[in-house]
Amino acid sequence: MGRLRADGYYEIDEAERATFLDQGFVHLPGVLSEAEIAAIEVVYDQFLRRQIEVPGKDYCDMAGDYGRDPADFSIVNVMVPRRYYPAWQGNVYERRTQAIAHQLLGEGMSIDYDQLLAKQPYKDDAVFAWHQDMAYWPDTPDRRTSTFWLAIDDSTLENGCMRFVPATNKEARLRQHAPVFGGRGTSHALGTELLDDDVVVSVPIDRGDCTVHNERVMHGSGGNLTPGYRRAYVLAYRSEDTIRIERQLGFTHSHNDEGEVLDGVGVQNETMGSG
Ligand SMILES: O=C(O)CCC(=O)C(=O)O
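Residues numbered from 1 in each chain as written. Predicted model: local features only at pLDDT ≥ 70, side-chain atom pairs only at ≥ 80, totals over all residues. Heavy atoms only, no water.

S.K.: Would you explain the overall build of the protein in this entry?
M.R.: In terms of helices and strands, the protein carries 5 helices and 15 strands. Here the C-alpha atoms of the protein give a radius of gyration of 17 Å, agreeing with the 19 Å that 2.2 N^0.38 yields for 275 residues. Seen through its C-alpha atoms, the protein measures out along the principal axes to roughly 45 × 40 × 40 Å. Distance between charge centroids for the protein: 2 Å, based on 27 positive and 44 negative side chains. (Helix = DSSP H or I, 4+ residues; strand = E, 2+ residues; numbered from the N terminus. Rg over C-alpha atoms; globule rule 2.2 N^0.38 Å. Lys, Arg positive; Asp, Glu negative; His and termini not counted. Charge placed at Lys NZ, Arg CZ, Asp CG, Glu CD.)

S.K.: Got a minute to help me understand the site of the ligand in this structure?
M.R.: Residues in contact with the ligand amount to 12 residues; listed here are only the nearest, His 131, Trp 149, His 219, Ser 221 and Arg 230. With respect to the ligand, the side chain of His 131 contributes an N or O atom lying 3.1 Å from an oxygen atom. Contact with the protein chains covers 100% of the free accessible surface of the ligand, which is 290 Å². Elements with a contribution of two residues or more to the shell around the ligand: β7 (128-131), β14 (218-221) and β15 (230-239). Split by residue class, the shell around the ligand holds 5 nonpolar, 5 polar and 2 charged. (Near = heavy atom within 4 Å. Polar contact = N/O pair within 3.5 Å; in protein donor to acceptor, adjacent residues only side chain to side chain. Areas by Shrake-Rupley, 256 points an atom, 1.4 Å probe, with all protein chains shown as cover. Nonpolar A, V, L, I, M, F, W, Y, C, P; charged D, E, K, R; others polar.)

S.K.: Teacher, can you tell me more about the pattern of salt bridges here?
M.R.: For side chains bearing opposite charge, pairing can occur when the charged atoms are close. Under the definition given, this model contains 24 salt bridges. Between Arg 207 and Glu 41 there is a salt bridge, with its nearest N and O atoms 3.1 Å apart. You can see Arg 207 sitting in the loop between β12 (201-203) and β13 (210-213) and its partner Glu 41 sitting in helix α2 (residues 34-48), a full 166 residues away along the chain. On the basis of relative accessibility, which here comes to 23%, the residue Arg 207 falls in the partly exposed class. The exposure class of Glu 41 is buried, given its relative accessible area of 17%. Two residues, Asp 45 and Arg 231, come together in a salt bridge whose shortest N-O distance is 3.0 Å. You can see Asp 45 sitting in helix α2 and its partner Arg 231 sitting in strand β15, a full 186 residues away along the chain. (Salt bridge = Lys/Arg side-chain N within 4 Å of Asp/Glu carboxyl O. Buried < 20%, exposed > 50% of the residue type's maximum accessible area, 1.4 Å probe, protein only.)

S.K.: Would you explain the confidence of the model for the protein in this entry?
M.R.: Detailed reading of the predicted coordinates is not advisable wherever pLDDT is low. A residue-level look at the protein finds 92% of positions with pLDDT of 70 or above and a mean pLDDT of 92. Low pLDDT (under 50) marks residues 260-274, which in the prediction has 50 contacts with non-local residues, meaning those over four places away or in another chain. (pLDDT = per-residue confidence, 0-100. Contact = heavy atoms within 4.5 Å.)

S.K.: I keep staring at the environment of Pro 227 and nothing clicks. Help me out?
M.R.: Tracing the backbone through its elements, the reader meets Pro 227 in the loop between β14 and β15. For Pro 227 and Glu 240, which are 13 residues apart along the polypeptide, the C-alpha to C-alpha distance reads 41 Å. Residues in contact with Pro 227, not counting those within four places in the same chain, are Pro 121 and Tyr 122.

S.K.: When you look at the sheet that holds strand β6 (residues 109-119) in this model, what are you seeing that I'm missing?
M.R.: Strand pairing in a sheet takes place through backbone hydrogen bonds and is either antiparallel or parallel in direction. With respect to topology, 7 strands assemble into an open sheet ordered β3-β13-β8-β15-β6-β5-β4, the strand pairing being antiparallel. Among the strands making up the open sheet, the edge pair consists of β3 (25-28) and β4 (59-61). The mean angle between the axes of side-by-side strands here comes to 20°, regardless of whether they run parallel or antiparallel. Direction of pairing for β3 relative to β13: antiparallel, over a ladder of 4 bridges. Looking at β13, one finds that Phe 25 is bridged to His 213. (Pairing = 2+ DSSP bridges. Axes fitted to C-alpha atoms, helices over the stretch in contact; angles between N-to-C directions.)

S.K.: Looking at this structure, how should I read the pairing of β13?
M.R.: Successive residues of a regular strand alternate their side chains across the two faces of the sheet. The alternating pattern of β13 places Cys 210 and Val 212 and Thr 211 and His 213 on opposite faces, both of which are buried. Pairing geometry for strand β8 (residues 145-151) and β13, over 4 bridges, is antiparallel. Residue pairing in the sheet places Leu 150 in a bridge with Cys 210 of β13.

S.K.: Please explain the sheet that holds β14 as it appears in this structure.
M.R.: Strand order in the open sheet formed by 4 strands is β7-β14-β9-β12, with antiparallel pairing between adjacent strands. Two strands lie at the open edges of the sheet, namely β7 and β12, each paired on one side alone. Sheet twist, expressed as the mean angle between neighbouring strand axes with direction ignored, is 20°. Of the strand pairs in this sheet, β7 and β14 are connected by 2 bridges, and their pairing is antiparallel. Along β14, the bridge assignment pairs Phe 128 with Ser 221.

So, in structure tokens, the structure goes:
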């Protein structure tokens with residue numbers, strides 16, 4: 001089982017790597033210590049309280065359209081927080097997951113984007129529709145991806161933990177996705193339906209644990225029925241080649257990107273952004 005060494009290196013084992021490659025996701029316990037999480041949480045909550053400025057659509061609701069009053073947000077989404085709070089660049093979460101991405105996928109993996117996803121208390125509509133992240137992204141030759149999802153709060157069945165359909169990363173074709181709340185100008189969310197024989201695995205994890213998923217695995221999450229937040233901090237690694245191609249296309253995962261530059265790439269051109 002993956003473990004945090006005294007020198008700060010998190011070592012995964014062969015079974016975890018095999019699970020990630022076969023099933024499209026893996027649960028890694030104790031990636032950050034309580035002290036490390038507590039330090040991150042201070043800044044995280046400054047984002048939630050809007051004490052760190054996030055312009056335009058990079059502060060939005062992933063469970064509603066862009067017109068929603070922030071007071072009514074169900075899933076507070078902060079895109080590319082390391083851009084708006086540069087002191088986070090190179091933080092302990094970034095350093096540790098960089099080393100894990102290397103163990104999972106080899107050399108040349110780099111941070112493509114980061115994201116905060118906080119489900120507000122008692123929001124039964126704080127639902128992340130079933131999707132494959134690849135539906136949001138330009139297609140590139142090097143498809144290595146590891147998206148880390150760090151639990152800032154214990155993530156449970158009741159507050160909307162991650163759910164996966166194992167091995168869907170191995171399907172030959174991406175599933176058909178459609179906008180959940182309208183087109184690109186209205187909202188970012190994409191979704192697809194489960195198929196009859198899909199088997200869903202819910203993955204409750206503790207504060208400080210991560211799940212790591214592949215860009216092709218089907219995943220989503222349910223509403224938050226509890227009095228507390230369900231806060232997550234996402235870091236997505238892709239290959240340096242892929243990131244270079246994306247940036248040449250003007251694609252940074254900011255929701256403030258100009259859509260036009262994306263014409264002709266990917267599978268969901270009119271709605272692409274970050275999953
Ligand atoms: O936070 C969630 O519930 C979903 C996150 C997600 O879909 C992702 O990070 O790709």
